Amino acid sequence: MFNKILFLLLLIFSSINAKENQMNIYDFNVKTIDGQEISMSKYKGKVLLIVNVASKCGFTGQYEGLENLFEKYKNDDFMILGFPSNQFANQEPESNERIKDFCTLNYGVNFDMFAKIDVNGENESPLYTFLKSNQKGILGTENIKWNFTKFLVDKDGTVVDRYGSASSPESIENDIKKLLK
């Protein structure tokens, strides 16, 4: 009996220690689309929607819905983070400067945009490794399948959901509103 209690106590303490030592979203640094390195801790206390984007994709029109969501909830501690990636059928081949111009001129994007990254593979962004390991895709897969995959992060930095490319920004608005309460 004593051994069982001791084992359970050790299990509880090791679990607590593991959680304390786990990385969270605020432990990562990323580069803005203008090349400035920033800490994700800048977004502490905000609900985040993190999206891998592309300018020449069938889902590119989602920029409009993303910008509408951002404008609607930006004063309620909500932020959208756009990460361009050219890993899917060469649909984001341009430079960061040209991507920024495209988003601003065509969709009036005011949410934060970042430097082009890999979201899968050997050179994938550590942030995306973290996101994918915390919210797996269909059938438990981790890899991003296409552009405009979205990750929803609560105000504590917990990755709470993952949405595929076909999920429009409007279709996840209620999930965002729940986290903003």
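The structure this text deals with has already been given above.
Position numbers for residues start from 1 in each chain and track the written sequence from start to end. For a predicted model such as this one, the threshold for reporting local features is a pLDDT of at least 70, and the threshold for listing and counting side-chain atom pairs is 80 or more; totals across whole chains, interfaces and linings nevertheless cover every residue. Excluded from the side-chain calculation are hydrogens and water; included are all heavy atoms of the structure.

Asks: I would appreciate a short explanation of the sheet that holds strand E5 (residues 112-113) in the present structure.
Replies: Where strands meet in a sheet, backbone hydrogen bonds hold them as pairs that are either parallel or antiparallel. With mixed pairing, five strands are arranged side by side in an open sheet as E5-E4-E3-E6-E7. Both edges of this open sheet fall to E5 and strand E7 (159-163), since each of them pairs with a single strand only. Two strands qualify as a pair provided that DSSP identifies no fewer than 2 bridges between them. The secondary structure listing takes helices from DSSP runs of H or I that are at least 4 residues long and strands from runs of E that are at least 2 residues long, numbered from the N terminus. In this structure, strand E3 (residues 47-53) lies alongside strand E6 (residues 150-153), joined through four bridges in antiparallel fashion. In the sheet register, leucine 48 faces E6, and the bridge partner there is valine 153.

Asks: Teacher, can you tell me more about the nonpolar core here?
Replies: Note on soluble globular proteins: their nonpolar side chains tend to be buried together. Here the nonpolar core consists of buried residues drawn from Ala, Val, Leu, Ile, Met, Phe, Trp, Tyr and Cys, with membership extended through side-chain atoms lying within 4.5 Å. The buried label goes to any residue with under 20% of its type's maximum accessible area, the exposed label to any with over 50%, and the partly exposed label to all in between, with areas taken from a 1.4 Å probe on protein chains only. Counting 49 residues, the largest nonpolar core has Met40 and Ile50 as its most contacted members. When residues of this core are traced back to their parent elements, those giving at least two are E3, helix H2 (62-73), strand E4 (78-84), helix H3 (96-107), helix H4 (126-134), E6, E7 and helix H5 (173-180). With six residues, the top contributor of residues to this core is E3. For this analysis, residues touch if any pair of their heavy atoms sits within 4.5 Å. For methionine 40, the contacting residues outside a window of four places in its chain are Ile25, Tyr26, Phe28, Val30, Leu48, Ile50, Leu81 and Leu127.

Asks: How should the pattern of salt bridges be read in this particular structure?
Replies: In a structure, side chains of opposite charge can pair up when their charged atoms sit close to one another. Every case where a carboxyl oxygen of Asp or Glu lies within 4 Å of a side-chain nitrogen of Lys or Arg is listed as a salt bridge. For the structure on display, the rule yields seven salt bridges. When the shortest N-O distance is used, the salt bridge between arginine 98 and glutamate 94 registers 3.5 Å. The shortest N-O distance in the salt bridge between glutamate 124 and lysine 132 comes to 2.7 Å. With respect to class, glutamate 124 is no different from lysine 132; both count as buried.

Asks: Sorry, what's going on with the packing of H2 against H3 here?
Replies: Helix-helix packing: each pair is described by the crossing angle between the helix axes and the interaxial distance. Between N-to-C directions, angles span 0 to 180 degrees; the directions come from axes that are lines fitted to C-alpha atoms, helices contributing only their stretch in contact. Remark: H2 packs on H3, axes separated minimally by 10 Å, with the N-to-C direction vectors making an angle of 75°. In terms of axis orientation, H2 runs roughly perpendicular to H3. Between H2, through Tyr63, Glu64 and Glu67, and H3, the contact on the second element is made entirely by Phe102, Cys103 and Tyr107. Of the residues assigned to the contact of H2 with H3, the class counts are four nonpolar, no polar and two charged. Orientation is classified from the angle alone, with under 35 degrees giving roughly parallel, over 145 giving roughly antiparallel, 65 to 115 giving roughly perpendicular, and any other angle giving oblique. For this classification, Asp, Glu, Lys and Arg are treated as charged, while Ala, Val, Leu, Ile, Met, Phe, Trp, Tyr, Cys and Pro are nonpolar and the rest, including Gly, are polar.

Asks: Honestly, the packing of aromatic side chains in this entry has me stumped. Any pointers?
Replies: Two numbers describe a pair of aromatic rings. These are the distance of the centres and the angle of the planes. Put simply, two rings from Phe, Tyr or Trp (the six-membered ring, in Trp's case) pair if the centres are within 6.5 Å, and we call them stacked under 30 degrees between planes, edge-to-face over 60, tilted for the rest. The tally for this structure, following the rule as stated, stands at 10 aromatic pairs. Between tyrosine 128 and phenylalanine 151, the aromatic rings sit 6.0 Å apart at their centres with planes inclined by 85°, giving edge-to-face as the arrangement. Separated by 23 residues along the polypeptide, tyrosine 128 in helix H4 and phenylalanine 151 in strand E6 bring together distant segments of the chain. No difference in accessibility class separates tyrosine 128 from phenylalanine 151, as the two residues are buried. Here a set of aromatic residues connected by ring pairs shows up, and it is made of Tyr63, Phe102, Tyr107 and Phe148.

Asks: Got a minute to help me understand H4 in this structure?
Replies: In an α-helix, one full turn covers 3.6 residues, which means residues spaced three or four apart are oriented alike. Of the positions making up H4, those classed as buried are Leu127, Tyr128, Phe130, Leu131 and Lys132. Lining the buried residues of H4 we find strand E1 (29-31), E3, E4, E6 and E7.

Asks: I tried to follow the packing of H2 against H5 on my own but got confused; where do I start?
Replies: Closest axis-to-axis distance for the H2/H5 pair is 12 Å, and the angle between their directions is 25°. As summarised for this structure, H2 and H5 are arranged roughly parallel, according to the angle between their axes. Pair H2 / H5 crosses with right-handed handedness. Facing H2, whose interface residues are Leu69, Lys72 and Tyr73, H5 presents Glu173, Ile176, Lys177 and Leu180. Grouping the constituent residues of the contact of H2 with H5 by class yields four nonpolar, no polar and three charged. By definition, any crossing whose near helix is turned counterclockwise from its far helix by less than a right angle is left-handed, and any crossing with a clockwise turn is right-handed.

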